[in-house]
Amino acid sequence: MRILKCTINGKPVQVGYDPRESLLDTLRNRLHLTSVKRGCEVGECGACTVLIDGVATDSCLYLTDWAQGTTILTCEGLQAADGSLNPVQQAFVDDFAVQCGFCIPGIIMSAVEIVGTGKTYTRDELRKMLSGHLCRCTGYQNIVGAVEDVVEEINGTGACSEEARAAFAAVAQKARLVAEE
Amino acid sequence: MEQLREVGKPEKRVDAFDKVTGRAMFTDDLCPKPCLEARVLHATIGNGRVVSIDTSEARKVPGVVGVFTCFDTPDWAYPVAGHPWYADSKAAKRDLADRKLLDSRVRMYGDNIAAVVAEDTVACDRALRKIKVEYEEWPVVYDPVESLKGTEHPVQDIKPDNLVAHTCALTSPEKLAEHGYETVDDALNDPAYHHIAIHTETGEQSQVHIETCVSYCYMEGKKIVCVASTQIPHIMRRVIGQALGIPWGDVRVIKPYIGGGFGTKQDIHFEPLNAWLCQQVGGRCVRLELSREELFWDTSGRQPKSFDVEASYGDDMLLHARSIRGISNTGAYIHHGHALVLNSVNTFRWLYHTNEVASRSEAWTVLTNGPHTGAMRAYGVPEGVWTAECLMGDIAYDNGWDGLEFRLKNCIREGFVDEFTPGGAVAAHTCTLPECAAKGAEWIRWDQKKREYANETGPIRHGVGVAFFVYKTAVAPFALETATARVTLNQDGSVQLQMGATEIGQGADTVFTQMAAEAIGIDFADVHIVSFQDTDVTPYDAGAYASRQTYVSGTAVKKAGEELRAKILAFAQRLFPEAPAPLDLRDHMIFDATGAEVTTLANVALEAFYNTEENDALSAYATANIHTNTIATGCTFADVTVDMPLGQVTVNRIISVQDNGRLINPKLVEQQVHGGMGQSIGFALSEEVLVDPKTSRVLNDTLLDYKVPTFMDVPDLKADFVESDDPTGPYGNKAVGETPIISPAPAIRDAILDATGVKFYHMPMTPQRLVEGFKREGLI
C-alpha cells in the first residue's frame, strides 16, 4: 500500500492504493467517485475519462501511482456550490443528449476540456475531438449538438449569461484548465 | 388528432439530471466493495467434453476462496431467454431448457466450465490460469447447412438433428386456386411474369452496450439477492429460482439504472451462476463482471442468417408472388430459438404483400458450435427487411424503374391484416408510410439527386437510396403480454408511480410519467416514478423488449391512472356530499359539475391520509393483459459517396421518417431514432463478429477490431415523423424502440447500387466485400 496525495474536485485527498492499481479503480472503489465508469478497461470506450491537470484522460490506462500531486476533476466536481449544473451538464439535459447515461459523465469531461480551450469549433472538429468516446444509444447526434451549443454559449460571440461564464470559470480553475492563447 | 394535455409534450427526461451529475447509480456503483470477486474459466476447444479438471494448484493461490467446476454445479438445465413463463396449462409454450450453470459438455469455444471466487480479480485470474483441464475434443461445425447433415454428437441432446425448429407459411390451396395455381412455385414460375432469385446473408452484430454485464449477489436470511444490469428483473428472478432449484420467492432481483442492453440483457447470462457461487461461500457478497472481450462471445449477439429468395412480378410494377427461405445459425445454445428468424421471414412478407397472390415464408433455426446468440434490437427484423429491400432494389434497378414508386405500389397499406397470424391480430390499424416516404423524398431531394448522380464515371461516385420497414408492437398473440402498474397518492397530492417495466436508457420512465399524469389529470411534475425495479416490491412486468412497454405497460399505467382518478373523485365526493356531481380534477383542484371550485387536490390527499373518520389510502394497481398488436412503419433515405478503390462508403445525408402512431414524447422518440440509425449504419458497413470456422473462436473480441461507429463515422442524423392515432395503443402509440435500426442499412445498400450499379447481398458491406464486388464487376 502506498499513499496517494492529490487534489480531487477541488479538495486535497490522501488515500491508500495498491501500486498496480489503475486510477479508475482508485476513484471508483476507494473514493466512491462512481461517475467514472468502467466500459472496456483498455482505453477504447472513453467512459472512464477524467481531467488530470486539465487534460482529458482514460483513467483505466493511467496508474494511480502517476497521479501523485496532480489535480483531478471528475463529473462529481462540476456542480456549483448552490447545486446548479455546470453549463456543459445543462446543455446535455436541454439538448436531450442523455439516454442510458453510462458514457455521459466521461463525454462531459471531454466537453469541459473542449470548452476550456476558449475556442469555437465546427461540428466536424468537435466530432474528431470527441471521437475517443463510444456511445451506443444516441448515434452521437444530440451529444454533438449539446457540445456545439455550450461551446458557442461560453466561447462564441453570442449572448452568454455572466452566471454561466462564471460557473464554467470556477470549474476551469478547479480543473487547472488553461485557455489557449 | 386530438391534442392531449401531457402526452405529446417534449418533456425533459426524468433521469437526465442524475445522469449528467454522475449521480445515477448503475449496478457496479452500488456494489459494497471490497467484496468477493468471481471469474469464469472458459473452454479452449470448440466442441467436445471436459474429461477432468484439476483445481489443486488453483486453490493454493493466495486470496482464493473457492474453485468450482462443472462437476460441482447442479446437473440440470434451465431456459435463459427473456420470454414469459407459462403455467402447466400452456407448458408447450415454455422455452427449452438448454443451459447449466457450468457444463462439462463443451459446445462452443469459450463455454463455461469452472469458476473461481477470490478476494480480488487478480487472485481470480491467477487461479484460473492454474486450473488444468483435460478435454475430449470433437470436430467443430460452424456452417448451419453442414450441421443439419447431422453430427456424431448433437450440439444439444434435446435436438438430436441440430434443428431447433422448421416452419413454413404457405398461401392456402384455396387462395392459390382462385388464381389458377396449385402451388406457390407455380405462381413464382408463371411465364406470364418476370422471375428473379437472390441469396442474401447477414452477419452477427454485437450489441456493445457500454456498461458490461455485471451482477453482485448476497444473502439476506435464506433469501438470495441479485443486483444486476438486466432488462428483465422479474424473469431473472424466475430463472435464478429454476437454475438453483429454490422457490422463486426466495430470490430477490434488483435492477438499478442500466448502461444499455439492446437485447443482450434480455437473456439471463451469469446471474444464476453468481447466485449459486454466493450460496457456496455462505451468502457473502460476490461480484461477477464480464470483461469487454467476454461480452463478444459469451453473451448473445444477433444470429447470423442467410436467405434464399424468389419473386415474380409484372410489367405493371406489381409483385405477383414471393418466397423466402431463411436459415439462422443460433450457435451452441437455443436461447431465443426460432422466434428470431420467424420475425425475419414474417416481416419480409408483411412489408410488400399488398398485391401478391402467393407467398412462402420458410425458416430453419440450426444449432452449430458457433458463439451462442439471442435477442438484439429489432429481433430478426433487420435481416428480413434487408433481404426484402435487396430484392426490391434489384427489381427496380434491372427494369429501370424508380425505386420509390415501385416500393409505394407494393408496400403495406392501412388495414393490412396478416393472414397467417391467429385471429388476425397482427395488423396495420394505421399506416402513414406513403406520407413518410413523401417527406423523406423531399428532404433528400430524391428526383433531383437521381438525375444529378445518373451518369457519373470514375472511381468516386454518388447515389441515393431508399428502404421501407415494418415492425410489430409487442409479442401478442404469439406470447403472453401482461404488465402491471401501481399508482399511489401522496399527502401533497402528488403521485408515486411504480412499474415492473424497466428504464434501460430508452426513456420509458419519462413517457410512463407523462401517461400517468395524463390519465390522472395532474401535471408531469406531480408524478414521481420509481426507476429501480426490486422484485420484492415492484409489480410484475416481463420487462424491456419487443418495443412493448409503451404499448403494453403504458396500457397498465393508463388503467391504473384512471382508476386512481376515479378513487380521488369518489373520495372528494364523500368529503363534500353536497357538491353537484360529477366532480372533476384539473389544475390541482376539484371542481363540481357547475364548474365551481370544491377544494384542492392537496386537501383531498391530506384527508385521505389523516381523516379521523374515514381515511382511505388512495392507490390503484392495474394489470393489462394485451391481445392486440399493431404494425409500425417507416422509411429511410440515404445519400452516399462511394470511393470504389478504397471500398469506402461515406453517408453524406440520411433521414428516417416513421409512423410510430402518436408520439408520447417527440424528443425522446427522436432520440431513439438517432440511436437506431447509428447502429444500423454500423451494421450496414462495419459491424460483424468474425468467427474462425475451424475452432468457432471469435477473432475480433475487442472494440478496436469490432468496428462500432464512432463520432466520426456517422453523419448528422435526421429523424422525422408522420403521426397517426392507433386505435389499439393506450394513447394511439405504436412500437418505437427497435424500429429505427431496420431501414437505414438497406437504404445505404440501395444508394450504393444507385451510385455504382453493383448489387451487394452480404451485410455488413465492409471495405473488403465492397472492393471484391467492384472488382468482380470490372469497376476497379
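Residues numbered from 1 in each chain as written. Chains lettered and ligands numbered in written order. Predicted model: local features only at pLDDT ≥ 70, side-chain atom pairs only at ≥ 80, totals over all residues. Heavy atoms only, no water.

Q: Go over the overall build of chain B with me, naming the residues and quoting the values.
A: Within chain B, the regular secondary structure consists of 21 helices and 30 strands. By its C-alpha atoms, chain B is 85 × 75 × 50 Å across when sized along the principal axes. Within chain B, the proportion of its 780 residues that are buried is 65%. Pairs at least 24 apart in sequence give 80% of the contacts found in chain B among residues at least 6 apart. Here chain B displays about 26,100 Å² of accessible surface, and carbon together with sulfur accounts for 51% of that area. (Helix = DSSP H or I, 4+ residues; strand = E, 2+ residues; numbered from the N terminus. Buried < 20%, exposed > 50% of the residue type's maximum accessible area, 1.4 Å probe, protein only. Contact = heavy atoms within 4.5 Å. Areas by Shrake-Rupley, 256 points an atom, 1.4 Å probe, with all protein chains shown as cover.)

Q: Tell me about the sheet that holds strand β24 (residues 589-591) of chain B, and please be specific about residues and values.
A: As a general point, the strands of a sheet are linked pairwise by backbone hydrogen bonds and lie either parallel or antiparallel. All names here are of chain B. As summarised here, the arrangement of the three strands in space is β23-β24-β25, forming an open sheet in which the pairing is antiparallel. What marks the edges here is a single partner per strand, and that holds for β23 (584-586) and β25 (597-600). Between one strand axis and the next, the sheet turns through 30° on average, direction left out of account. Bridge count between β24 and β25: three bridges; the pairing is antiparallel. From the neighbouring strand, I590 faces β25, where its bridge partner is T599. In the packing of helix α17 (residues 549-575) onto the sheet, the strands contacted are β23 and β24, and the crossing angle to β23 comes to about 115°. In the packing of helix α18 (residues 601-610) onto the sheet, the strands contacted are β23, β24 and β25, and the crossing angle to β25 comes to about 60°. (Pairing = 2+ DSSP bridges. Axes fitted to C-alpha atoms, helices over the stretch in contact; angles between N-to-C directions.)

Q: I'd love a proper account of the pattern of salt bridges, names of residues and values included.
A: The full count for this structure, using the stated rule, is 65 salt bridges over all chains. Salt-bridge contacts for D29 of chain B lead to R28 of chain A; the nearest nitrogen and oxygen are separated by 2.6 Å. Of this pair, D29 of chain B sits in helix α2 (residues 27-30) while R28 of chain A is found in helix α1 (residues 23-30), placing the two residues in two different chains. Of the charged contacts in the structure, one is a salt bridge between E688 of chain B and R769 of chain B, with a shortest N-O distance of 3.0 Å. Here R769 of chain B lies in helix α21 (residues 767-776) and E688 of chain B lies in the loop between α19 (666-685) and β29 (717-721), a separation of 81 residues in the sequence. Taken together, the salt bridges that share partners define one network made up of D25, R28, K37, R38 and E41 of chain A together with D28, D29, K33, E37, R287 and E289 of chain B. (Salt bridge = Lys/Arg side-chain N within 4 Å of Asp/Glu carboxyl O.)

Q: Tell me about empty space enclosed by the protein, and name the residues and values.
A: Residues and elements named next belong to chain B. This structure, assessed with the given rule, holds eight cavities of 30 Å³ or more. Quantified by volume, the largest cavity comes out at close to 580 Å³. Along the walls of the largest cavity sit 39 residues, with Q506, S547, Q672, G737 and E738 positioned nearest its centre. Put simply, the parts of the chain that give the lining of the largest cavity at least two residues each are α16 (508-520), α17 and α19. Across the lining of the largest cavity, the residue classes break down as 18 nonpolar, 16 polar and five charged. Considered as a void within the structure, the second largest cavity measures approximately 100 Å³ in volume. Grouping the constituent residues of the lining of the second largest cavity by class yields six nonpolar, four polar and three charged. (1 Å grid on protein atoms, 1.4 Å probe; cavity = no way out; pocket = protein on both sides within 12 Å on 5 of 7 lines; lining within 4 Å. Points joined across faces, edges and corners; volume = space filled by probe spheres on them. Nonpolar A, V, L, I, M, F, W, Y, C, P; charged D, E, K, R; others polar.)

Q: Please set out the interface of chain B and chain A residue by residue, giving values where relevant.
A: Taken together, the 58 residues of chain B in the interface contact 48 residues of chain A. Buried surface at the junction of chain B and chain A, both sides included, amounts to about 4,300 Å², of which 59% is carbon and sulfur. On the chain B side of the interface with chain A, the three residues burying the most area are V20, I210 and F711 of chain B, jointly 22% of the side's total. The interface formed by chain B and chain A includes eight salt bridges. R136 of chain A is paired through a salt bridge with E687 of chain B; the nearest N and O atoms lie 2.6 Å apart. At the boundary of chain B with chain A, the tally comes to 28 residue pairs in polar contact (both at pLDDT 80 or more). Taken together, the elements giving at least two residues each to the side of chain B that touches chain A come down to α1 (16-20), α2 and α19 of chain B. The element contributing the most residues to the side of chain B that touches chain A is α19 of chain B, with nine residues. For the side of chain B that touches chain A, the per-class residue count stands at 24 nonpolar, 17 polar and 17 charged. (Buried area = accessible area lost by both parts, 1.4 Å probe. Polar contact = N/O pair within 3.5 Å; in protein donor to acceptor, adjacent residues only side chain to side chain.)

Q: Let's hear about the domain arrangement of chain A: which residues, and what values?
A: All names here are of chain A. We note that the domain assignment places domain 1 (2-77) and domain 2 (87-169) within chain A. A C-alpha centroid distance of 22 Å is found between domain 1 and domain 2. Contacts between domain 1 and domain 2 engage 17 residues on the former and twelve residues on the latter. Taking both partners together, domain 1 and domain 2 bury about 1,100 Å²; carbon and sulfur atoms supply 66% of that area. For the interface between domain 1 and domain 2, the tally reads zero salt bridges. Viewed at the interface, domain 2 and domain 1 are joined by three residue pairs in polar contact (both at pLDDT 80 or more). If you list the elements that add at least two residues to the side of domain 1 that touches domain 2, you get β3 (49-52) and β4 (55-58). Sort the elements by how many residues they give to the side of domain 1 that touches domain 2 and β3 lands first, with three residues. (Domains from an automatic or database assignment.)

Q: Tell me about the sheet that holds strand β30 (residues 762-763) of chain B, and name the residues and values.
A: All names here are of chain B. Spatially, six strands are ordered β7-β16-β15-β14-β8-β30 in an open sheet, and the strand pairing comes out mixed. A single partner strand is all that each edge strand has here, and the edge strands are β7 (163-170) and β30. Across nine bridges, strand β14 (residues 305-313) lies against strand β15 (residues 319-331) in antiparallel orientation. Looking at the pairing, S306 lines up with I327 of β15.

Q: Lay out unusual backbone geometry with the relevant residues and their values.
A: All names here are of chain B. Omega for the peptide link from K33 to P34 comes to 0°, which places this bond in the cis form. Along the chain, the position of P34 falls in the loop between α2 and β1 (36-42). The step from A476 to P477 runs through a cis peptide bond, and the omega angle for that step is 5°. On the secondary structure map, P477 appears in the loop between β18 (460-472) and β19 (482-489). Unlike most non-glycine residues, F262 shows phi in positive territory, near 55°.

Q: If you had to explain the packing of aromatic side chains to someone new, which residues and values would you point to?
A: With the rule as written, the count across this model stands at 14 aromatic pairs over all chains. Taken together, a centroid distance of 6.2 Å and an interplanar angle of 45° make the contact between F26 of chain B and Y257 of chain B tilted. In this pair, F26 of chain B is assigned in the loop between α1 and α2 and Y257 of chain B in the loop between β11 (251-255) and α9 (271-280), connecting sequence segments 231 residues apart. Across the pair, Y257 of chain B and F26 of chain B agree in class, each one buried. Judged by centre distance (5.4 Å) and plane angle (85°), the rings of F760 of chain B and F774 of chain B are edge-to-face. Placement of the pair is F760 of chain B in the loop between α20 (744-756) and β30 and F774 of chain B in helix α21, with a sequence separation of 14 residues. Judged by its relative accessible area of 0%, F774 of chain B is buried. Among the aromatic residues, those joined into a ring-pair cluster are F102 of chain A together with F26, Y257 and F532 of chain B. (Phe/Tyr/Trp six-rings, centres within 6.5 Å; stacked < 30°, edge-to-face > 60°.)

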